[in-house]
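A structural walkthrough
Here is how the chains run, residue by residue.
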Amino acid sequence: MSEQAQQPDIIYTITDEAPALATASFLPIVKYFAKSAGITIGTKNISLAGRIIANFPDNLTADQRQPDALAELGKLVKEPTANVIKLPNISASIPQMKAAITELQEHGYSIPDYPDAPQTEAERDIQARYKRVLGSAVNPVLRDGNSDRRPPVAVKEYARKHPHKMGEWHSDSKTHVTHMDDGDFFSNEKSVTVSGQSVGNARIEFVGEDGRVTILKEKLSLQEGEVVDATFMSRKSLRKFLAEQIEDAKEKGVLFSLHLKATMMKVSDPIIFGQAVEVFFADLFDKHAAVFEELGVNPDNGLGDVYASIRSLPEAQREGIETDIQTCLDAQADLYMVNSGKGITNLHVPSNVIIDASLPPIIRDGGKAWGPDGNAHDVKAVIPDTSYAGIYDETVQFCRENGAFDPAIMGSVANVGLMAGKAEEYGSHDQTFKVPGNGSIRVIDAAGEILHEHRVEGGDIWRMCQAKDAPIKNWVELAVERVKATDSPAVFWLDKNRAHDAQLIKKVNRYLGSLDPDGNLNIQILSPVEAICFTLRRVKEGLDTISITGNVLRDYLTDLFPILELNTSAKMLSIVGLLNGGGLFETGAGGSAPKHVQQFLEEGHLRWDSLGEFAAIAASLQHFSAAHENVKAGIVAKALDQATAKLLVKNQSPSSRVGELDNRGSQFYLTLYWAEALATQEENSELQEHFIPLAKTLAAGEEQIVKELNGAQGQEVDLGGYYYPDPAKVARATRPSSTLNAALGEDISLLK
């Protein structure tokens, strides 16, 4: 452990699903290599189950309790010595959280059920604790810095040499994107930069038509120079829009699909999702309103909640409702399916269709999506809010006119994203409200003056967002740094006609004026629609571009372009330079993680690719080397990058087929090449001598190790749980090669 830090030198997060399974096999290997450079690695459990457990210590035994690892990490990332490797975690919807609660209860954890409609103070406290776990509870806490995301060089070179399959686009494709024209967040947004007497504690209040004032949130700290927005989405406008789009999809003969971010936007988007469920199944909800109210059916939880709730009904009544569901499905446009074989629709569960993981594959696949008949069809992609819908609309139109992209020649799109200080929409969870009635919602500043005010109606969705000045300045500085490092042109994706963006443009121009006074850098400001058109043309020509965006577009673009370029966003290098000097190193997106776990449980084959993890570890070690003048750490990092490049050249990434290399086999070859790189380097003789025996042992045991790893496939796997698996069972399942374990000095058989 380094002298500068009391905690382990590097913290590795324990998360969920496929990333957690990959970590179970790879973390012991990482510790082995890091130890050679005198680096210690610790862990923090921020899995969904771990976060639930941490919020109910008073219900548990001493052995069951877990510390609040997320809160601990929240403090750590503000320290200059912070070095955290963060893997994808579940951003839980209510159905996911309820499933995790049930599983923990089955494991003997005496935690309460989630109260959908709390009636007592105790139930309100329980719900408040669970809400701290819902949605994107992790990222706003850990991302105390701005984001630098880009494909690693070796990954991009591999993609060009081994281009993945792209669907064919046709000029007569009916696939299209649609959004609201009014009544949405974009059209109702107001924004101001806080200064003077407005600085200090503000409050948000609802004023009913009867004049009664209800405080929705108080002691809301506003800082000098902070950009503060307020907006709302009209329930009436939303429902009218949805009804029109459902009818239009039927007339055009295309699938109806809804694309939201119910995980990150954990308050607003489940409500929007629920409105879509109610509108699509309007006859069902009208006919069975009394029964649904008695059962506690919540449309915000999707059609799946209806099916789950009616299981308790008498058979004849249940079958009658199921018939009415099918009648609605038959009468409306066909729905985009999450799983055609199992009948899981786009409207089943809010967390099933995440916009940045659902729309890019449709674009990659030639504008096709799966329908209820198990075949691919053209699709209407509904994105209610205008703010970012245009980027997908323009991409679809570009592909329809120009054909599919060619991964063998297409350029890359790196991203510099504004995240720090819970910036923009992704930091608005506790400032988003379902309006309780007709009236107005207003923001009152520290001087008692109205900062923002909107006339609203019951059921509307109102929210306030913030972006602090220091993170904005750092964002611009990071953008300039990346432009200088790459010599690629860069674009700020900001719309002068959007209230929030207009405030940011003023700040960007001011900070660019001091950072690039002569205007020598190739940086421009374009609206998102203009920016996507500019970028798509360059990508098609094989040219690289840097996108400089806010928090939401950062998320959308770093899935859209990697899925088109690399066939996945899990292989991206994501570095968050923390504001106080530390580093957060993220390992890619986890949108496909549930499907990978399903295959592992059924067939013992884990096709999850740890390439993003390899890149993050190397970047973490490089950061540690520079921060602590640890030469060995830099050499180990360099060797890891070399091993990753060799792994790609030899095409030893995980296969999707049973009996071939999966995640564990790919990790073995990475380990072999990592050891060989250190054994042959001549910068440090101690490291060389240390790794020569391991490299020889792994090379000699290659055939046996691969045989043991592949031999573990082809059968069902029992992990002892999905959200809270048994650590010993996980270790045995993810590290089945006794030869590899022995080479690393591990004996899995001792685990109980």
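Each remark here, short or long, concerns the structure printed above.
1. A closer look at the sheet that holds strand β20 (residues 461–467)
In space, the four strands of this open sheet follow the order β6-β9-β20-β17, with antiparallel pairing throughout. Both edges of this open sheet fall to β6 (190–193) and β17 (432–434), since each of them pairs with a single strand only. For this sheet, the mean inter-axis angle between neighbouring strands, taken without regard to orientation, is 10 degrees. With seven bridges connecting them, strand β9 (residues 227–233) and β20 associate as antiparallel partners.

2. Regarding the sheet that holds strand β19 (residues 450–456)
Backbone hydrogen bonds are what pair the strands of a sheet, in a parallel or an antiparallel way. The four strands are arranged β8-β7-β18-β19 in an open sheet whose pairing can be described as antiparallel. Strands at the two margins of the open sheet, each flanked by one partner only, are β8 (213–222) and β19. On average, each strand axis in the sheet is tilted by 15 degrees relative to the strand beside it, whichever way the strands run.

3. Quick notes on the side chain of K156
Inspection of the secondary structure assignment puts K156 in helix α7 (residues 153–161). Among the polar contacts made by the side chain of K156, one reaches the side chain of S412 at a distance of 3.5 Å. Discounting chain neighbours no more than four positions away, the residues touching K156 are M410, G411, S412, E565 and L566.

4. Quick look at the pattern of salt bridges
With the rule as written, the count across this model stands at 37 salt bridges. A salt bridge links E425 to R463; its shortest N-O distance comes to 3.9 Å. Remark: R463 occurs in strand β20 and E425 occurs in the loop between β16 (413–417) and β17; sequence separation between them is 38 residues. We classify R463 as buried; its relative accessible area is 5%. One salt bridge connects D469 with K507, and the closest N-O pair in it is separated by 2.7 Å. Remark: K507 occurs in helix α18 (residues 499–515) and D469 occurs in helix α17 (residues 469–486); sequence separation between them is 38 residues.

5. Some details on helix α20 (residues 551–566)
Taking 1.5 Å per residue, 16 residues should reach 22 Å; α20 reaches 22 Å between its end C-alpha atoms and fits that length. With respect to burial, α20 is a largely interior element, 16 of its 16 residues being buried. Where α20 terminates, the next one or two residues include N567, which has phi positive at roughly 75 degrees.

6. Considerations on the side chain of K266
As for its position among the elements, K266 is in the loop between β10 (255–258) and α10 (268–280). Comment: no salt bridge for buried K266; closest opposite-charge side chain is D430, at 8.6 Å. Each residue touching K266, except ones within four places of it in the same chain, is listed here: K131, L134, G135, S136 and H429.

7. Some thoughts on the environment of A202
One can find A202 in strand β7 (residues 200–208). A202 sits in the buried class, given a relative accessible area of 3%.

8. A word on unusual backbone geometry
Of note in the backbone geometry, K219 takes a positive phi value of approximately 50 degrees without being a glycine. Turning to its location among the elements, K219 is positioned in strand β8. Here the phi dihedral of K422 falls at roughly 55 degrees; this positive angle occurs in a residue that is not glycine. With respect to the secondary-structure elements, K422 resides in the loop between β16 and β17. The exposure class assigned to K422 is partly exposed, which follows from its relative accessible area of 46%.

Rules used throughout
Residues numbered from 1 in each chain as written. Predicted model: local features only at pLDDT ≥ 70, side-chain atom pairs only at ≥ 80, totals over all residues. Heavy atoms only, no water. Pairing = 2+ DSSP bridges. Helix = DSSP H or I, 4+ residues; strand = E, 2+ residues; numbered from the N terminus. Axes fitted to C-alpha atoms, helices over the stretch in contact; angles between N-to-C directions. Polar contact = N/O pair within 3.5 Å; in protein donor to acceptor, adjacent residues only side chain to side chain. Contact = heavy atoms within 4.5 Å. Salt bridge = Lys/Arg side-chain N within 4 Å of Asp/Glu carboxyl O. Buried < 20%, exposed > 50% of the residue type's maximum accessible area, 1.4 Å probe, protein only. Expected span 1.5 Å × (residues − 1). Lys, Arg positive; Asp, Glu negative; His and termini not counted.

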